[in-house]
Amino acid sequence: MPKRRAGSSPAGRIALLHAIAHIELNAIDLAWDIIARFAGADLPRQFYDDWVGVAAEEAEHYALLAERLTAFGAAYGDLPAHDGLWQAAEATAHDLLARLAVVPLVLEARGLDVTPAMIARLDRVGDGQSAAVLRRIYADEIGHVAIGMRWFEFICAQRALPPAETYHSLVRRYFKGTLKPPFNEGGRSAAGLPSAFYAPLSSS
């Protein structure tokens, strides 16, 4: 897939919004998948309530992005999209701890790193409405990463595992490549994700 960038042209913004809509649509399915796939796990009801809430917010994000695409005369499905999120889901389908390490704590955390720059580019080209949608997504995603972190630590405690070291092991095993800086340390910290987790895995 070509690298997406927010440009001044409508086509560039359609490509950006379409790519993010694809991520959000996959995120809806991933939230429901973690509920259904791990329904037999020894977890409190709050675990499942949390992910139902995540699924609802991801659906709201997708609807907002679909509305923006409509404003540009486009729709989701008009452009090709990658399957990286589902590759990650398939690789971690056997282990809830691996799923939490890779999906919310790598992939969604990466969203916290890149979204502020996308917002700034949209603001610069005068697309305040699209920038507002991304601001909403960014604020909610901090909460999603926080949920992932909370349950990752909870399950580590259940299994008597050290959280940071376990995270490093799982990411090295199930995530292709290295974690790429620069990191949005403020956003990650707000989500409760400390640098001791991700800094040792950095490609820098």
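A brief report on the enclosed structure follows.

Rules used throughout
Residues numbered from 1 in each chain as written. Predicted model: local features only at pLDDT ≥ 70, side-chain atom pairs only at ≥ 80, totals over all residues. Heavy atoms only, no water. Helix = DSSP H or I, 4+ residues; strand = E, 2+ residues; numbered from the N terminus. Expected span 1.5 Å × (residues − 1). Bend = angle between axes of the 7 residues up to and from the residue. Polar contact = N/O pair within 3.5 Å; in protein donor to acceptor, adjacent residues only side chain to side chain. Contact = heavy atoms within 4.5 Å.

Turning our eyes to something else, we now look at unusual backbone geometry. Excluding glycine, most residues fall at negative phi; most peptide bonds, likewise, are trans. P181 connects to P182 through a cis peptide bond whose omega is 5°. Within the fold, P182 resides in the loop between α6 (163–174) and α7 (185–190).

Moving on to helix α4 (residues 96–124). Compared with an ideal rise of 1.5 Å per residue, which puts 29 residues at 42 Å, α4 spans 41 Å between its outermost C-alpha atoms and is within 8% of the ideal. Along its length, α4 reaches its greatest deviation from straightness, about 35°, at V114, and the proline P116 lies no more than four positions downstream. N-cap assignment for α4: the residue whose side-chain oxygen lies 3.0 Å from the backbone N of L97 is D95. Just downstream of α4, G126 is the residue with a positive phi angle, here 85°.

In this section: the environment of H18. Structurally, H18 can be placed in helix α1 (residues 10–37). Along the sequence, H18 and I147 sit 129 residues apart, while their C-alpha atoms lie 26 Å from each other. Discounting chain neighbours no more than four positions away, the residues touching H18 are L69, A75, Y76, G77, D78, L79 and P80.

Secondary-structure assignment places A160 in the loop between α5 (128–158) and α6. Residues A160 and L30, 130 residues apart in the sequence, show an inter-C-alpha distance of 26 Å.

This is a description of form; function is not addressed.
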